[in-house]
Amino acid sequence: MKIIIDTYGADGGVEVLINGAIKALKKKDFIPVFAGQKIKIEKLIDGRIKNYQIIEATEFIANTDDPVRAIRRKKDSSLVKSFRALKDETYDGMISAGSTGAILAGGLFISGRLEGIDRACLATSLPSKEGSTLLMDTGANMDCKPEFLQEFAIMGKVFSETVLGIENPSVSLLNVGTEEGKGNKLSKKAFTLLADSDINFVGNLEARDLFTGKTNIIIADGFDGNIALKTAEGVISLLKDEINSAIYKSLKTKIGGGLLKSALKENLSKYSADEVGGVPLLGIKDYVYKAHGNSNAYAFSNAILGLIDYIEKDTISKIEGELKCLEKN
């Protein structure tokens, strides 16, 4: 299996991504294909990877670039070259920690949407008391139509069944209240569409239940989903800092903290974004993963492993099959 790695976009630079690939290779056999500056990449690999390839790229797409314009004009950028390489069947998937907007634009204009899908979306696995919950969209689509949310639910259902192994997953709509009729126009119309569909729709869900495991899939537009996700990440990070501060406050708390340290570490580690590392871009014809821009090597290795699992489960073909069944009905 050949996995294309866009080497631009990570806050920690190219080295973090290469180290992440090396970690992933210890758990899974694949050929990393690095897209970027050849001399720099080879210097950082320094003989630590036996079998790899490089796609030479002289341009990069920054977060400050207009996504659509950059995809159309920066033909020699690492991201555009990565997407174009995916059209060659010898490559299996691509991962990037770069601009979310550019990744979405590349997916739409180069990979192309699946038939029956109007908008691709990002699906993020959230840890919960009962395992994990899929939140989608988490940033690809800031403005949505109700029909887009219905498409997200269909893709999320297939991803949950195929990759996460959840039979007949429950689907909820992120909203300001649990009662039917709550929310804005988008929420109310989406509620009706989801309720009338064949999926296991169980109603509205409030943001405070993101991690409770009350539902398997949470549907939202990219604006609300991203805010919910970033708020949750911020609160978890703050909570960890507060716990550390409390532990080291005095000798007594240090002793107590020492006794609780292993239990706290085990319980809180599952809420770290590093454990998932990245998210799939669902709704396009190629296997693409978006890694966190602030990824460390551990997080990026987990993102690569997630992408490989996504590919091996033949998820895109199964989503296409579900969409064809929907058209017949």
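From a predicted model like this one, the values you see are computed outputs, not experimental measurements.

Hey, could you go over the environment of glycine 321 for me, with residue numbers and the actual values?
Relative to the elements of secondary structure, glycine 321 occurs in helix α11 (residues 315-328). Distance from glycine 321 to proline 146, taken between C-alpha atoms, is 22 Å for residues 175 residues apart in sequence.

Report on the side chain of threonine 124, specifying residues and quantitative values.
Tracing the backbone through its elements, the reader meets threonine 124 in strand β5 (residues 121-128). What makes threonine 124 buried here is its relative accessible area of 6%. When residues no more than four places from it in sequence are discounted, the contact partners of threonine 124 are Thr133, Leu134, Leu135, Thr138, Leu229 and Val279.

Describe the packing of helix α6 (residues 146-162) against helix α7 (residues 185-195), with residues and values.
Remark: α6 packs on α7, axes separated minimally by 8 Å, with the N-to-C direction vectors making an angle of 45°. The orientation of α6 with respect to α7, classified from their angle, is oblique. Pair α6 / α7 crosses with right-handed handedness. Contacts between α6 and α7 pair Pro146, Glu147, Leu149, Gln150 and Ala153 from the former with Leu186, Lys189, Ala190, Leu193 and Leu194 from the latter. Residue composition of the contact of α6 with α7, grouped by class: seven nonpolar, one polar and two charged.

Got a sec to walk through helix α1 (residues 14-25)? Specific residues and values, please.
Taking 1.5 Å of rise per residue, the twelve residues of α1 would be expected to cover 16 Å, and the 17 Å separating its terminal C-alpha atoms lies within 8% of that figure. All of the buried residues along α1 are Val14, Val16, Leu17, Ile18, Gly20, Ala21, Ile22 and Ala24. Residues of α1 that are buried sit in contact with β1 (2-6), β2 (31-36), α2 (38-45) and α10 (297-312).

Can you explain the environment of lysine 2? Please cite residues and give values.
Locating lysine 2 in the fold gives a position in strand β1. Expressed as a C-alpha distance, the spacing of lysine 2 and aspartate 29, which sit 27 residues apart in the sequence, is 9.6 Å. Setting aside chain neighbours within four positions, we find lysine 2 in contact with Ile31, Val33, Gln53, Thr90, Tyr91, Asp92 and Gly93.

Give me the lowdown on the nonpolar core, citing residues and values where you can.
Formed by 56 residues in total, the largest nonpolar core has its most connected members in Ile5, Ile95, Met136, Phe152, Ile219, Ile304 and Tyr310. Counting residues per element, this core draws most heavily on α6, at eight residues. Excluding residues within four positions of it along the chain, tyrosine 310 makes contact with Phe159, Val163, Pro280, Leu281, Leu282, Tyr287, Val288, Tyr289, Thr315 and Ile316. Membership of the second largest hydrophobic core comes to 26 residues, among which are Ala35, Tyr91, Ala102 and Leu104.

I'd love a proper account of the confidence of the model for the protein chain, names of residues and values included.
Within the protein chain, residue pLDDT values average 89, and 92% of them lie at 70 or more. Here helix α9 (residues 251-269) is the element of the protein chain with the lowest mean pLDDT, 64, and β1 is the one with the highest, 98.

Hey, could you go over the packing of aromatic side chains for me, with residue numbers and the actual values?
In the structure shown here, the tally under the stated rule is six aromatic pairs. Centroid distance tyrosine 289 to tyrosine 310: 6.1 Å. Interplanar angle 45°. Geometry classified as tilted. Within this pair, whereas tyrosine 289 is found in strand β11 (residues 288-291), its partner tyrosine 310 is found in helix α10, the two being separated by 21 residues in sequence. Both residues of the pair, tyrosine 289 and tyrosine 310, count as buried. Members of the aromatic cluster, joined through ring pairs, are Phe159, Tyr287, Tyr289 and Tyr310. Positioned above the aromatic ring of tyrosine 91 is the side chain of lysine 2, whose terminal nitrogen or guanidinium carbon lies 5.6 Å from the ring centre. When the ring centre of phenylalanine 109 is taken as reference, the NZ or CZ atom of arginine 72 above it lies at 5.0 Å.

About the thresholds
- Residues numbered from 1 in each chain as written.
- Predicted model: local features only at pLDDT ≥ 70, side-chain atom pairs only at ≥ 80, totals over all residues.
- Heavy atoms only, no water.
- Helix = DSSP H or I, 4+ residues; strand = E, 2+ residues; numbered from the N terminus.
- Buried < 20%, exposed > 50% of the residue type's maximum accessible area, 1.4 Å probe, protein only.
- Contact = heavy atoms within 4.5 Å.
- Axes fitted to C-alpha atoms, helices over the stretch in contact; angles between N-to-C directions.
- Parallel < 35°, antiparallel > 145°, perpendicular 65-115°, else oblique.
- Left-handed = near helix turned anticlockwise from the far one by under 90°.
- Nonpolar A, V, L, I, M, F, W, Y, C, P; charged D, E, K, R; others polar.
- Expected span 1.5 Å × (residues − 1).
- Core = buried A, V, L, I, M, F, W, Y, C linked by side-chain atoms within 4.5 Å.
- pLDDT = per-residue confidence, 0-100.
- Phe/Tyr/Trp six-rings, centres within 6.5 Å; stacked < 30°, edge-to-face > 60°.
- Lys NZ or Arg CZ within 6 Å of the ring centre and 35° of its normal.

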